[in-house]
Amino acid sequence: MRIEEDIKLDFKDVLIRPKRSTLSSRKEVDISREFTFKWSGKSFNGIPIIAANMDGVGTFAMAKKLGESKVGVAVHKHYPLDDLLSFYDKENTEFVWYSIGMAKDDDAKLDAFLKKKPESIERICLDVANGYSEHFVDFVKRTRDKLPEVTIMAGNVVTGEMVEELILSGVDVVKVGIGPGSVCTTRKKTGVGYPQLSAIIECADAAHGLGGLICADGGCTSSGDIAKAFGAGADFVMLGGMLAGHTESEQEIIEEDGKQFLLFYGMSSDTAMNKHKGGVAEYRASEGKTVRIPYRGHVEETIQDILGGVRSTCTYVGAKRLKELSKRTSFVRVTQQLNTVFGNEQ
């Protein structure tokens, strides 16, 4: 047993210090990014925000709508093969990430997809809760061998040494975050995790040293948190709860006492495992919760509010392009961020 004494930080522990700026309007800020991925050699030009591969978030409808704003979506892995084939055949999938886990069914479905549409997938997300197992590293290597020209995002991890191992094993973008999500209970059930802001800072440093990239996954509750993630060095930011509860969630609206709700749940929750796996396996525990979110209408207004907030951050520190934000970010340690006398909304 050992104890790391140095302080690790989360989004709530800091604010971004404003700096003198020559920008006169948010209109002057470019929040798109251009990347060339290390292993696939493919290029990216768009807004580096990705809707998470969760029920109610990583949906076909979400991909269609967010793609209009050049925002990406990691489509959840539970769509039937025929639905995936139809979607890739009919829609613009430029900002779509095809998602799989390590289950044999996922691998079989991917092989069947590639047999019918071998050139369709440009980006793939290898998604597991614990990216520290040698089994996962081997899975990454096999996937890279099978798909040498496909951009691979994989995780999740929270420490620099594992980021380095995954990049050296063929990952282009490492997904960073264990337990920070709004419907994740991993930290409560297992006691395992890492404060998300420090994880981003440390993992970005490790990834960039090898020519790789990271995607900060989880913990963002506002556009300010997203800006902090980018300021800390994240190349992409993945959102779950912030994009849940919309028309594009492809879920039944629940009506109660004149109010409308949608369900949002972690993909390791009882709800998800009962829906997709026939129940919780006897050797594991649920590590997610299920909540009801007030119905929020179409996602377009929400994403525009998010993008406007990030643009505003850039004007406060004089970053004309999102790429410059991390270079112009100084974090200030705080004990309080918000005045909540009238509540904590908006």
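See the structure printed just above.
Computed from a predicted structure; not experimentally measured.

Peer 1: How would you sum up the overall build of the protein chain? Please name residues and give values.
Peer 2: A count of helices and strands for the protein chain gives 10 helices and 14 strands. The C-alpha radius of gyration computed for the protein chain amounts to 20 Å, which stays within 12% of the reference 20 Å derived for 346 residues, consistent with globular compactness. Taking the principal axes of the C-alpha coordinates as reference, the protein chain spans close to 55 × 55 × 50 Å. Summarising the internal contacts of the protein chain: among those between residues at least 6 apart in sequence, 66% fall at separations of at least 24. When the accessible area of the protein chain is evaluated, it comes to approximately 17,300 Å², of which 47% is carbon and sulfur surface. Across the protein chain, the centroid of the 45 positively charged side chains sits 4 Å from that of the 49 negatively charged ones.

Peer 1: Which residues make up the environment of Lys104, and what values do they have?
Peer 2: Here Lys104 is to be found in helix H3 (residues 104-116). With 95 residues separating them along the chain, Lys104 and Ala199 place their C-alpha atoms 31 Å apart.

Peer 1: Just give me the short version of the nonpolar core, but keep the residues and values in it.
Peer 2: By size, the foremost hydrophobic cluster in this structure holds 101 residues, and its most contacted members are Ile124 and Ile226. Sequence-distant contacts of Ile226, defined by excluding residues within four places in its chain, comprise Ile49, Cys220, Val237, Leu239, Met242, Ile306 and Val310.

Peer 1: Outline the pattern of salt bridges, listing residues and values.
Peer 2: Applying the stated criterion to the full structure yields 14 salt bridges. Taking the shortest distance from any N to any O, the salt bridge between Lys64 and Glu91 comes out at 3.6 Å. In this pair, Lys64 sits in helix H1 (residues 60-67) while Glu91 sits in the loop between helix H2 (81-90) and strand E5 (96-100), placing the two residues 27 residues apart along the sequence. Measuring nitrogen to oxygen at the nearest pair gives 3.0 Å for the salt bridge that ties Glu256 to Arg292. Pair noted here: Glu256 is in strand E11 (residues 254-256) and Arg292 is in strand E13 (residues 290-294), with a separation of 36 residues, a long-range link. You can call Glu256 partly exposed: its relative accessible area is 36%. Classification of Arg292 by relative accessible area gives partly exposed; the value is 40%. Within the structure, one salt-bridge network assembled from shared partners comprises Asp6, Lys8 and Glu202.

Parameters and conventions
- Residues numbered from 1 in each chain as written.
- Predicted model: local features only at pLDDT ≥ 70, side-chain atom pairs only at ≥ 80, totals over all residues.
- Heavy atoms only, no water.
- Helix = DSSP H or I, 4+ residues; strand = E, 2+ residues; numbered from the N terminus.
- Rg over C-alpha atoms; globule rule 2.2 N^0.38 Å.
- Contact = heavy atoms within 4.5 Å.
- Areas by Shrake-Rupley, 256 points an atom, 1.4 Å probe, with all protein chains shown as cover.
- Lys, Arg positive; Asp, Glu negative; His and termini not counted.
- Charge placed at Lys NZ, Arg CZ, Asp CG, Glu CD.
- Core = buried A, V, L, I, M, F, W, Y, C linked by side-chain atoms within 4.5 Å.
- Buried < 20%, exposed > 50% of the residue type's maximum accessible area, 1.4 Å probe, protein only.
- Salt bridge = Lys/Arg side-chain N within 4 Å of Asp/Glu carboxyl O.

Geometry only, nothing functional implied.
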